[in-house]
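What the coordinates show
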2 protein chains.
Amino acid sequence: MIKLYDLALADEDIRPSPYCWKVKFALLHKGLEFETVPLHFAEKDNYPDQEHGLLPVLEDRDEMIADSGKIIAWLENTFPEKPLTSTPGERAAVEFYNAWLGAVLLPTLVPLLFVRIHAAAHEDDKNHYRTTREKKLGATLEEAASKPGLKAEAEAAFKTLAMPLAGFRFLGGDTPNLSDYTVFSFVMWMRSVTGDDYLELPQPVVAWVERMLDLFDGYARKAKRIS
Amino acid sequence: MIKLYDLALADEDIRPSPYCWKVKFALLHKGLEFETVPLHFAEKDNYPDQEHGLLPVLEDRDEMIADSGKIIAWLENTFPEKPLTSTPGERAAVEFYNAWLGAVLLPTLVPLLFVRIHAAAHEDDKNHYRTTREKKLGATLEEAASKPGLKAEAEAAFKTLAMPLAGFRFLGGDTPNLSDYTVFSFVMWMRSVTGDDYLELPQPVVAWVERMLDLFDGYARKAKRIS
């Protein structure tokens with residue numbers, strides 16, 4: 001069976017990584033059976049791929065692929081039934097959603113969530129996580145999270161999604177496609193360390209979140225969150 | 001023949017309106033013959049649709065449709081050959097590009113361009129244009145345009161387009177679709193009142209601009225700009 005090495009927090013059932021989530025959704029979309037293997041940041045010795053040392057890593061018989069983008073390309077190639085997008089136009093749109101995430105949504109979510117992931121991380125991970133993330137932020141986790149207006153900026157960013165979702169059930173149109181999985185994976189990241197009322201989202205986005213949580217027998221809805 | 005009432009500046013050959021451009025591209029995409037009728041902001045008496053008093057307005061025999069969104073829906077309905085999008089996922093993406101334009105690109109372009117459109121507008125339009133636009137901006141045209149960093153912000157916004165355009169010839173994938181026309185119409189708006197070196201755009205976006213200008217026998221490339 002396909003094995004997915006999936007980043008875990010101190011509670012091994014909490015799996016925050018948006019890149020791992022994107023791959024899980026791709027596997028579910030294709031109806032492929034898989035098991036996840038929880039790994040902490042610090043469990044380098046158990047990492048299946050010493051060269052990368054990054055998750056997700058997917059293992060299938062003698063294949064081992066790291067990097068969510070490469071894994072998804074490999075899945076599309078190897079299991080072409082139930083493709084994750086239908087047209088080159090939809091594939092170009094996935095890239096635009098990715099670019100928008102990087103330019104608009106993540107600059108607001110990253111400083112809000114890093115400090116929460118750190119708090120819920122395994123004790124052995126905390127030093128490594130703090131050091132690497134503070135280098136990225138150019139500030140301490142706590143300083144970055146306390147920048148005024150971050151939540152309002154995140155809420156404003158989510159408003160951009162309300163326009164397509166007011167007229168369509170999914171970013172993919174009538175059914176979910178890779179654009180939905182790409183964006184929703186960051187919602188799952190947020191959900192893993194926050195409660196339902198953390199951000200005030202526009203109604204069409206809230207309705208889409210519920211639809212995404214319902215997919216695949218409620219796979220994402222069953223995912224454990226910090227209490 | 002289809003008639004499109006098209007907003008003009010003091011020089012009637014300069015047609016800045018992005019909403020009119022979107023309709024022109026849709027007509028060209030469908031291979032429909034049309035003529036444009038230049039109108040100034042102030043020529044209310046010549047407006048084909050007194051109720052709306054807004055352009056674009058499209059006239060076809062006994063039909064008269066205002067509002068670019070409604071015109072495009074009517075064109076898709078009436079001339080279903082050569083559709084402007086191929087799938088519901090592509091149609092949802094058009095809405096996301098629209099939302100991104102409103103949330104990210106236009107807040108930087110609007111204050112930069114309003115003052116230039118005003119300068120090139122017909123003498124009879126200038127008062128009306130200044131009053132309505134300054135109300136929107138909450139500042140004089142000149143104050144709004146001089147806000148520091150606007151150009152850098154516009155350049156940063158255009159970078160988001162570089163990701164899909166690095167891997168695809170068009171936002172529509174292999175061929176242009178309504179997402180290309182929607183976004184490029186705002187490039188045409190900018191081009192009408194600026195020179196080629198006004199903004200520094202990433203290479204994939206520059207290459208896409210050239211491809212868009214080449215479409216339909218160089219229709220957009222032939223469009224007059226202020227000198």
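Note that the coordinates shown come from a computational prediction; the quantities given were computed from them, not determined experimentally.

Overview of the overall build of chain A
- Summing up its helical and strand segments, chain A has eight helices and four strands in all.
- When the elements of chain A are put in sequence order from the N terminus, they spell out β-α-β-β-β-α-α-α-α-α-α-α.
- Over its C-alpha atoms chain A spans a radius of gyration of 17 Å, differing by no more than 12% from the 17 Å that the globule rule assigns to 227 residues.
- For the C-alpha atoms alone, the extent of chain A along its principal axes is close to 45 × 45 × 30 Å.
- Every one of the 227 residues in chain A was classed for burial, and the buried ones make up 55%.
- Long-range pairs, those at least 24 residues apart, make up 69% of the contacts in chain A between residues at least 6 apart in sequence.
- Total accessible area computed for chain A in this model is approximately 10,200 Å², and 50% of it derives from carbon and sulfur atoms.
- Here chain A contributes 26 positive and 35 negative side-chain charges, whose respective centroids are spaced 4 Å apart.

Re unusual backbone geometry
- Within the chain, Arg61 of chain B stands out as a residue other than glycine whose phi angle is a positive 50°.
- Along the chain, Arg61 of chain B turns up in the loop between β3 (57-60) and β4 (63-66).

Observations concerning the side chain of His40 of chain B
- Note on placement: His40 of chain B falls in the loop between β2 (34-39) and β3.
- For His40 of chain B, the side chain forms a polar contact with the main-chain oxygen of Leu9 of chain B, separated by 3.3 Å.

Section: the nonpolar core
- Core analysis: the largest hydrophobic core is formed by 151 residues, its most contacted members being Trp208 of chain A together with Trp208 of chain B.
- The contact partners of Trp208 of chain A, leaving out residues within four places of it in the chain, are Leu165, Arg169, Phe170, Leu171, Asp180, Val183, Phe184 and Val187 of chain A.

A short note on the packing of helix α3 (residues 88-120) of chain A against helix α7 (residues 178-192) of chain A
Residue and element names in this part refer to chain A.
- For the pair α3 and α7, interaxial distance at closest approach is 9 Å and the crossing angle is 0°. Looking at the two axes, α3 sits roughly parallel to α7.
- When its residues are assigned to classes, the contact of α3 with α7 shows 16 nonpolar, three polar and one charged.

Things to note about the interface of chain B and chain A
- Tallying the contact residues gives 26 residues for chain B and 26 residues for chain A.
- Of the roughly 2,100 Å² buried at the junction of chain B and chain A (both faces included), carbon and sulfur atoms supply 80%.
- Run the count over chain B and chain A and you get zero salt bridges.
- For the pair chain B and chain A, the interface holds four residue pairs in polar contact (both at pLDDT 80 or more).
- With 14 residues, helix α3 (residues 88-120) of chain B is the largest single contributor of residues to the side of chain B that touches chain A.
- Residues that form the side of chain B that touches chain A fall into these classes: 15 nonpolar, seven polar and four charged.

Some points on the pattern of salt bridges
Residue and element names in this part refer to chain B.
- The tally for this structure, following the rule as stated, stands at 22 salt bridges over all chains.
- Salt-bridge contacts for Glu123 lead to Lys126; the nearest nitrogen and oxygen are separated by 3.6 Å. Of the two residues, Glu123 and Lys126 both sit in helix α4 (residues 123-137), three residues apart, roughly one turn of that helix.
- Residue Glu134 pairs with Arg130 through a salt bridge whose shortest N-O separation is 2.6 Å. Of the two residues, Glu134 and Arg130 both sit in helix α4, four residues apart, roughly one turn of that helix.

Brief notes about the relation of the copies chain B and chain A
- For the match of chain B to chain A, the screw axis carries a shift of 0.0 Å, the RMSD comes to 0.0 Å, and the turn is 180°. Expressed as a symmetry operation, the mapping of one chain copy onto the other fits a two-fold axis.
- Counting the interface residues of chain B, we find that 100% of their copies in chain A are interface residues as well, pointing to one common contact surface.

Notes on the sheet that holds strand β1 (residues 2-7) of chain B
Residue and element names in this part refer to chain B.
- Spatial ordering of the open sheet is given by β2-β1-β3-β4, a layout of four strands whose pairing is mixed. Strands at the two margins of the open sheet, each flanked by one partner only, are β2 and β4. Averaged over all pairs of adjacent strands, the angle between strand axes in this sheet comes to 20°, irrespective of strand direction.
- Bridge analysis of β1 against β2 gives six bridges, and the strand direction is parallel.

Overview of the sheet that holds strand β4 (residues 63-66) of chain A
Residues and elements named next belong to chain A.
- Within the open sheet, the four strands sit side by side as β2-β1-β3-β4. Their pairing is mixed. Edge positions in the sheet fall to β2 (34-39) and β4, since each has one partner strand and no second. Across this sheet, the average inter-strand angle for adjacent strands is 20°, counted without regard to direction.
- Pairing between strand β3 (residues 57-60) and β4: four bridges, direction antiparallel. What sits directly across from Asp60, in β4, is Glu63.
- Here helix α1 (residues 18-29) sits on the sheet in contact with β1 (2-7), β2 and β3, set at roughly 155° to β1.

Concerning the domain arrangement of chain A
All names here are of chain A.
- Each domain of chain A was delimited in the assignment, giving domain 1 (2-78) and domain 2 (88-218).
- When each unit is reduced to the centre of its C-alpha atoms, the spacing between domain 1 and domain 2 is 19 Å.
- Facing the 15 residues of domain 1 at the interface are 22 residues of domain 2.
- For the pairing of domain 1 and domain 2, the buried interface totals around 1,800 Å² over both sides, and the portion due to carbon and sulfur atoms is 75%.

Structural notes on the packing of helix α6 (residues 150-167) of chain A against helix α8 (residues 203-218) of chain A
Residues and elements named next belong to chain A.
- Taken N-terminus to C-terminus, the directions of α6 and α8 make an angle of 75°; their axes are 8 Å apart at the nearest point. Comparing their axes, α8 and α6 come out roughly perpendicular. Note on element contacts: α8 touches α6 through Pro204, Val205, Trp208 and Arg211, opposite Phe158, Leu161, Ala162, Leu165 and Ala166.
- Along the lines of polarity and charge, the residues of the contact of α6 with α8 split into eight nonpolar, no polar and one charged.

Procedures and definitions
Residues numbered from 1 in each chain as written. Chains lettered and ligands numbered in written order. Predicted model: local features only at pLDDT ≥ 70, side-chain atom pairs only at ≥ 80, totals over all residues. Heavy atoms only, no water. Helix = DSSP H or I, 4+ residues; strand = E, 2+ residues; numbered from the N terminus. Rg over C-alpha atoms; globule rule 2.2 N^0.38 Å. Buried < 20%, exposed > 50% of the residue type's maximum accessible area, 1.4 Å probe, protein only. Contact = heavy atoms within 4.5 Å. Areas by Shrake-Rupley, 256 points an atom, 1.4 Å probe, with all protein chains shown as cover. Lys, Arg positive; Asp, Glu negative; His and termini not counted. Charge placed at Lys NZ, Arg CZ, Asp CG, Glu CD. Polar contact = N/O pair within 3.5 Å; in protein donor to acceptor, adjacent residues only side chain to side chain. Core = buried A, V, L, I, M, F, W, Y, C linked by side-chain atoms within 4.5 Å. Axes fitted to C-alpha atoms, helices over the stretch in contact; angles between N-to-C directions. Parallel < 35°, antiparallel > 145°, perpendicular 65-115°, else oblique. Nonpolar A, V, L, I, M, F, W, Y, C, P; charged D, E, K, R; others polar. Buried area = accessible area lost by both parts, 1.4 Å probe. Salt bridge = Lys/Arg side-chain N within 4 Å of Asp/Glu carboxyl O. Least-squares fit on C-alpha atoms with pLDDT ≥ 70 in both. Pairing = 2+ DSSP bridges. Domains from an automatic or database assignment.

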